Amino acid sequence: MPNVSHDTLHGFLPGRPKALNRALDLLGLGIPPGVTTETLPTDASGAPKMFTRSMDSVLRVVRPDGLDPFILLVEAQSGIEAKKETSWPYYVAYLRDRYKLEVVLLVLCVDAATAAWAARPLRTGLGRPTQVTVPHVLGPANVPRVSRIQDASTDLDFAAFCLWIHTNDPDIGGILTVMGEALAQNSDREARDDLAGLIEDGLGSEHARKIWRNLMETLFTPRRGTIVGDARLAGQEEGREEGRAAGKAEQLLRLMERRSFPVTEEIRQRVITCTDMPLLDLWFDRAIDATTLDEVFARPSATDRVPAPAQSPDHTAVPGQESRNPGPSVT
């Protein structure tokens with residue numbers, strides 16, 4: 001399974017057009033700022049589905065200059081994987097055939113060695129190559145290292161993206177400090193706190209996460225021992241719990257979709273309205289190996305170590321499906 005930093009890295013730019021524009025500008029493609037995007041399916045398994053082939057993020061990018069749109073395939077790569085040398089050309093050919101648009105493969109790397117490997121042309125054929133795939137790569141060598149608070153404050157989203165690319169930098173503490181100080185200047189508290197949480201999720205090392213948590217406590221946590229301060233701290237803790245549950249619910253939905261489970265709107269609502277972290281963790285763990293949704297949402301057993309809260313009798317294991325286990329399910 002990809003770790004959280006992997007999913008954060010490739011999934012961050014698609015929803016932030018301004019930061020995406022700046023990232024595309026680093027590639028020298030001559031695309032003017034102001035693109036708009038549409039998220040596309042990431043399943044490239046084809047039919048019949050012998051095994052799952054899933055891309056990281058796929059976008060249909062509309063240019064502001066009126067020229068033809070193109071497909072942007074974003075892959076996050078934390079290390080060298082030989083299998084990508086065949087899967088990337090397949091993804092490009094699949095997308096080109098499906099959408100009849102030009103395809104740009106962008107690989108995001110957090111270390112120089114992986115970036116150098118990912119940038120190599122991938123050729124197949126005898127004599128003159130039949131197909132050549134040349135990925136565009138963004139890594140520590142060509143992504144700016146944001147070292148000034150004013151630069152980070154100008155575009156916090158792009159600064160966060162740059163931070164993740166440089167997560168293995170020896171001076172990661174200094175980079176995180178600059179980012180923290182820039183966030184502290186943001187008057188939009190809700191947006192600031194959301195981005196602070198995303199930054200922590202995207203950090204691949206526990207060392208960097210510890211530095212970031214300490215910074216957040218120093219910069220954002222109100223002083224204990226006062227009525228206002230204690231009330232804010234209690235609210236922050238409740239908000240963090242809700243945020244963790246919401247994040248786990250999104251990860252569970254993404255996992256089920258990537259495993260091609262039939263995720264109906266009723267099932268989606270069941271997942272995103274669940275605030276029980278142990279139960280969400282149980283569903284997520286089951287979804288890794290389960291073959292049906294009945295197995296994912298079955299009532300917890302004694303060995304699952306998850307208490308089963310009382311539920312009304314009309315709850316079933318999976319909406320719209322017959323449960324394998326008698327009795328009410330856990331929501």
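Since we're looking at a predicted model, the values are computed, not measured.

Parameters and conventions
- Residues numbered from 1 in each chain as written.
- Predicted model: local features only at pLDDT ≥ 70, side-chain atom pairs only at ≥ 80, totals over all residues.
- Heavy atoms only, no water.
- Phe/Tyr/Trp six-rings, centres within 6.5 Å; stacked < 30°, edge-to-face > 60°.
- Helix = DSSP H or I, 4+ residues; strand = E, 2+ residues; numbered from the N terminus.
- Buried < 20%, exposed > 50% of the residue type's maximum accessible area, 1.4 Å probe, protein only.
- Lys NZ or Arg CZ within 6 Å of the ring centre and 35° of its normal.
- Pairing = 2+ DSSP bridges.
- Axes fitted to C-alpha atoms, helices over the stretch in contact; angles between N-to-C directions.
- Contact = heavy atoms within 4.5 Å.
- Core = buried A, V, L, I, M, F, W, Y, C linked by side-chain atoms within 4.5 Å.
- pLDDT = per-residue confidence, 0-100.

### What to know about the packing of aromatic side chains
If you walk through the whole model with that rule in mind, you get 6 aromatic pairs. An angle of 85° between the planes, with centres 4.8 Å apart, marks the rings of F12 and W164 as edge-to-face. Separated by 152 residues along the polypeptide, F12 in helix α1 (residues 4-12) and W164 in helix α6 (residues 156-165) bring together distant segments of the chain. For W164, a relative accessible area of 2% corresponds to the buried category. With centroids separated by 4.8 Å and ring planes inclined at 70°, the aromatic side chains of W283 and F297 adopt a geometry described as edge-to-face. Of this pair, W283 sits in helix α12 (residues 277-289) while F297 sits in helix α13 (residues 293-297), and the two are 14 residues apart along the sequence. Of the two residues examined, W283 and F297, each falls in the buried class. Ring-pair connections join several aromatic residues into one group, and the members of that group are Y90, Y91 and Y94. Against the face of F284 rests K248, its NZ or CZ located 4.5 Å from the ring centre.

### Side note on the sheet that holds strand β2 (residues 57-62)
As summarised here, the arrangement of the 5 strands in space is β1-β2-β3-β4-β7, forming an open sheet in which the pairing is mixed. Edge positions in the sheet fall to β1 (36-40) and β7 (136-138), since each has one partner strand and no second. Each strand axis lies, on average, 30° off the axis of its neighbour in the sheet, ignoring direction. Note that strand β4 (residues 103-109) and β7 share 3 bridges and pair parallel. Counted as the bridge partner of V107 is V137 from β7. Relative to strand β3 (residues 70-77), helix α3 (residues 84-99) is tilted by about 160°, and along the sheet it contacts β1, β2, β3 and β4.

### Considering the nonpolar core
By size, the foremost hydrophobic cluster in this structure holds 49 residues, and its most contacted members are L72, F161, M179, L183, I199 and W212. Looking at which element gives the most residues to this core, the answer is α6, with 9 residues. The residues touching I199, leaving out its near neighbours within four places in the chain, are A160, L163, W164, M179, L183 and W212. Of all hydrophobic cores here, the second largest spans 22 residues; its members include L255, M277, L282 and W283.

### Considerations on the confidence of the model for the chain
Per-residue pLDDT for the chain averages 81, and the proportion of residues at 70 or more is 81%. Here helix α10 (residues 227-258) stands out as the element of the chain with the lowest mean pLDDT, 67, in contrast to β7, whose mean of 96 is the highest. Confidence over residues 222-229 falls short of pLDDT 50; this stretch has 8 contacts with residues more than four positions distant or in other chains. Every residue in residues 307-331 scores below 50 in pLDDT, and together they form 47 contacts with partners more than four places removed in sequence or on other chains.

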